[in-house]
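Breakdown of the fold
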Amino acid sequence: MMKFKLSAVFLAVIMALSLCGSVMVFAEDGCVQKKIDNNAIRLEMTGAAYTDFEAGGTKTFTFTVPTTGTYGMWFDNANYTASKLTAVVQNGDETVFNQSYTSETKEPVYSTRGHERFGDENNLNMKLTAGVSYTLSLTSESAFSGMNYIDFRCLELPVLSDLGAKTAIHPADFYTGSTLLNVHNHQQYQTGSGFVSGTSLVGDYTKAEDALRTPLFTENSLASKYFGIVLNGGRTAVYHLVAPQAGWYSLSFKANAYPSGRPIDIRLYVGGARAALLHYSGNGDADVQSPAFWLDAGENEIKLHAITSDLYVKNLIITSLGSVYSDTSTAIAPVGETNVELINAHSVSAVSNFAGGFKAQAGHYSEQDITIAETGYYNIYTYMKAHQASFNVLVGEVGQDGAVADYENVTSSFYTDRSSANLNSTGRGWSSDGFLRLLMYNAHLFEAGKTYRIRIEFIDVDPSKYTIDLDKYPGYEVTTDYEAFVSAPLTVKRTDGVLSDTETTYLSGWDIIPESNWGYVTWSPAEQAYQGYNSTTQPVYDSVLFAGETGRLRNVLFNKGGNNTYKFRLLAKTAGRYNINAFVNSGTTNSAIYTYQIDGEAAQEKSITDDGNVMNNPFYVDSVYLTEGEHTITVTPVSNTGGTWRFYGFGVDYVNETFVALNEANSQCTYNAALSETDGTVIVALYSGSELVGIDTQTVTSAQNKVSGTVAYSGEKPEYAKIFVWSDLKNVTPLLKPVTIDSGSWH
């Protein structure tokens, strides 16, 4: 009986030597399965019997996984010099994975360890079941030595849902992607800079449940805790996230564009829909942050698409923002644009499911509250993929009780009054990739200090609004069974151009006011309209029509014919002379004639020749004196040759010059004195003949380059003015020669 028990123990030892799935080692030469966590295991090799391969030789390992799911397979390739290594995973007679790794696709190794994945874009993964014993066969085409480990990591990646919790995942754990030659492991992980404290890492080798002989990472080198990737320009990487609870989440990652160092745009998709356009600044290691997005409970898909250059992704951090994520009101800047996140909503009935946005059907709505800092005219636009006439935009003032008593329908007539649909090649009545849409019929007057609610209501599609060409789209029928997709953010734009006296003020083509015909506003695909790309096809990110601030100009059609007259509102807070330039483009070399009119003055004609490069050659319009207050400028095309002309807007620059302007109705003069590093007192004196009829003084410092003001007069209308700059009034010491300005040269 005792002899039988010893035989059983001896048999168990033999099984331990042959099965890699055991965590016990009974010989120096062997393979041991180590558990990292519920998402990852490592097969550790010891001794030449497992680490060294002969040419054409095959080694066999047995393993199990702790969690049922989709797995990727990696191996230690730091010492791999063979031309081809083939991995076959079987469950009995069933082959679940059969892929080769070739040296041609090997990323250069810069550290003492390499970490490479088996597979290609068509076969990266394998489905494995917990508790099932699988056999792995590795065959090397040529001899090599030094295989230290093989990793299996589950690609359904669990994220934490507690408010504020941060989950880190290895960028290398993408579910699908382009070829591994174009989305490959970043081998410099041991010298990376991606570690973020306070995160819970899925597949944390520094905290493996079973002690590792070859840890690769140590707690003393936490900066290199993640397996990063290089995402080549134009390529994508898809990740599957498993959320225990539905809610709002955000994504951040540390990126680099070595060696180009150039800025890179990255598209983020959530649930298959484009969710946000992210931006890497191009300044070394830099963090990229997404807006919030909604994850359903269970498995969700997100995708990163590097649009242009190669992008190093060194970590991926998912932050839980909770099931309710709202900021009841967004403060709107007094000039320029303010982004209003769709999730910062007073109320949302739509199904929120991607970055800062939502999908909706008829009956759904979303409400956003905004608070105005300065009274002015504002417009609203956003990215939307929807039927032409499937939504209303309402605006109302929020009362002290938090409710809106009356809403005003401000929906652009481009959507409410269309007689036919904009159909793409599939006859769907919406764009395939989301349009940047101007939602309001015209700029709305919002008052300072008040809070307004923007309500987007999705309604049944009215088939009478669509004229369908059944020869082009046979059998097509407009249906109310649709989904609209709205992506963040809403953009609230101040449209009455508040003119600056220190920098160029830009007015966009979309800043036109109610007298204009909104039906001729040009709708371009999202990035093209949003960033000023001169193309109606897919955007080419290396051929930008505008750069910098002018990159945010949106265009309107500017061909002769139809009602292409546009009026813009200017608000001069400082009286003075302003130079006005226009941004007009036809896409090719063409000429055109248009007229412009300032306020109620006579229209003047301008001839222009487009060389296709309006950013470097904006068209000079005029140099005009504007009094303090509101003004209008109107442009009308008269004739044009060839191309499709588009008006992108104006650039307005303040001219710092010495002048006096008479306002006879108010018995006063406005003045400006251009200065140069002067400390003293400016004196402006008005004379009628030899009689002094008005005077004003101001103290100035060398930090000022000008001084402006008004001076009242009494008696007769001034005939001329003198401007003095004195060091002080006690000694009456002149610093500059006085300037005399006759009334004939006054503005």
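1. Structural notes on the overall build of the chain
Secondary structure assignment for the chain yields 4 helices and 57 strands. For the chain, the residues scored as buried account for 52% of the 747 residues in total. Considering only contacts in the chain between residues 6 or more positions apart, those separated by 24 or more positions represent 77%. Accessible surface computed for the chain: about 31100 Å², of which carbon and sulfur atoms make up 48%.

2. Brief notes about the side chain of Thr634
Secondary-structure assignment places Thr634 in strand 49 (residues 629–640). The class of Thr634 is buried, set by a relative accessible area of 11%. Here Thr634 is in contact with Thr565, Tyr566, Lys567, Thr595, Tyr596 and Gln597, once residues within four sequence places are set aside.

3. A short note on the sheet that holds strand 46 (residues 590–598)
The strand order across the open sheet formed by 5 strands is 41-44-49-46-47, and the pairing between neighbours is mixed. Since the sheet does not close on itself, it has two edges, and those belong to strand 41 (497–499) and strand 47 (604–610), each with one partner. Sheet twist, expressed as the average angle between the axes of neighbouring strands with direction ignored, equals 30°. For strand 46 and strand 47, the ladder comprises 7 bridges, and the chain directions are antiparallel.

4. Focus on the packing of aromatic side chains
Any pair of aromatic rings gets described here by the distance separating the centres and the angle formed by the planes. Using the criterion set out here, one finds 18 aromatic pairs in the structure. These aromatic residues form a ring-pair network of at least three members: Phe558, Phe568, Tyr594, Phe647 and Phe650. Residue placement shows Lys59 over the ring face of Phe53; its charged tip is 5.4 Å from the ring centre. The aromatic ring of Phe174 is capped on one face by Arg117, whose charged end is 4.8 Å from the ring centroid.

5. Looking at the pairing of strand 1 (residues 30–37)
Taken residue by residue, a regular strand's side chains alternate between the two faces of the sheet. Burial within strand 1 is extensive, with 7 of its 8 residues counted as buried. Where strand 1 lies against strand 2 (residues 40–46), 7 bridges are found, and the strand directions are antiparallel. Residue pairing across strands places Gln33 opposite Leu43, the latter belonging to strand 2. Two successive antiparallel strands, strand 1 and strand 2, enclose a turn made up of 2 residues.

6. Focus on the pattern of salt bridges
In total, this model carries 18 salt bridges according to the counting rule given. Residue Glu374 is joined to Arg494 by a salt bridge in which the shortest nitrogen-to-oxygen separation is 3.4 Å. One end of the pair, Glu374, is in the loop between strand 33 (365–372) and strand 34 (376–385); the other, Arg494, is in strand 40 (residues 484–494), with 120 residues separating them in the sequence. Residue classification places Glu374 among the partly exposed positions, given a relative accessible area of 22%. For Arg494, a relative accessible area of 4% translates into the label buried.

7. Details of unusual backbone geometry
Its identity is not glycine, yet Asp599 carries a phi of approximately 50°, on the positive side. Within the secondary structure, Asp599 sits in the loop between strand 46 and strand 47. Relative accessible area serves as the criterion here: at 30%, Asp599 is assigned to the partly exposed category. One non-glycine residue, Ser667, lies in positive phi territory at about 55°.

8. Observations concerning the environment of Val711
Position of Val711 among the secondary structure elements: in strand 55 (residues 706–712). Along the sequence, Val711 and Val660 sit 51 residues apart, while their C-alpha atoms lie 9.9 Å from each other. Setting aside anything within four residues of it in sequence, one finds Val711 in contact with Gln668, Cys669, Tyr671, Val684, Leu686, Gly694, Ile695 and Asp696.

9. Brief notes about the sheet that holds strand 4 (residues 58–63)
Two orientations exist for strands paired in a sheet by backbone hydrogen bonds: parallel and antiparallel. Within the open sheet, the 4 strands sit side by side as 4-10-6-7. Their pairing is antiparallel. Because the sheet does not close on itself, it has two edges, and the strands there are strand 4 and strand 7 (94–102). Here the strands of the sheet are splayed against their neighbours by 15° on average, with no regard to which way each runs. Two strands pair when backbone bridges link them, and strand 6 (residues 84–91) and strand 10 (residues 134–140) are joined in this way by 6 bridges, in the antiparallel orientation. Bridged to Val88 within strand 10 is Ser137.

10. With respect to the environment of Thr95
Position of Thr95 relative to the elements: it lies in strand 7. Taking the relative accessible area as the measure of exposure, Thr95 reaches 43% and is therefore partly exposed. Placed 40 residues apart in sequence, Thr95 and Thr135 show a C-alpha to C-alpha distance of 9.5 Å. Filtering out sequence-adjacent residues up to four positions away, Thr95 remains in contact with Val88, Val89 and Gln90. Within the structure, the side chain of Thr95 is placed 3.4 Å from the side chain of Gln90, a separation counted as a polar contact.

11. A short note on the nonpolar core
With 44 residues, the main nonpolar core has Tyr239, Leu251, Phe253, Tyr280, Leu304 and Leu311 as its most contacted residues. What Leu311 contacts, discounting residues up to four positions off in sequence, is Ile229, Val230, Leu231, Phe253, Ala255, Asn256, Ile264, Ile266, Tyr280 and Ala306. Listed in part, the 32 residues of the second largest apolar core include Leu438, Leu499, Trp510 and Phe558.

The rules we used
- Residues numbered from 1 in each chain as written.
- Predicted model: local features only at pLDDT ≥ 70, side-chain atom pairs only at ≥ 80, totals over all residues.
- Heavy atoms only, no water.
- Helix = DSSP H or I, 4+ residues; strand = E, 2+ residues; numbered from the N terminus.
- Buried < 20%, exposed > 50% of the residue type's maximum accessible area, 1.4 Å probe, protein only.
- Contact = heavy atoms within 4.5 Å.
- Areas by Shrake-Rupley, 256 points an atom, 1.4 Å probe, with all protein chains shown as cover.
- Pairing = 2+ DSSP bridges.
- Axes fitted to C-alpha atoms, helices over the stretch in contact; angles between N-to-C directions.
- Phe/Tyr/Trp six-rings, centres within 6.5 Å; stacked < 30°, edge-to-face > 60°.
- Lys NZ or Arg CZ within 6 Å of the ring centre and 35° of its normal.
- Salt bridge = Lys/Arg side-chain N within 4 Å of Asp/Glu carboxyl O.
- Polar contact = N/O pair within 3.5 Å; in protein donor to acceptor, adjacent residues only side chain to side chain.
- Core = buried A, V, L, I, M, F, W, Y, C linked by side-chain atoms within 4.5 Å.

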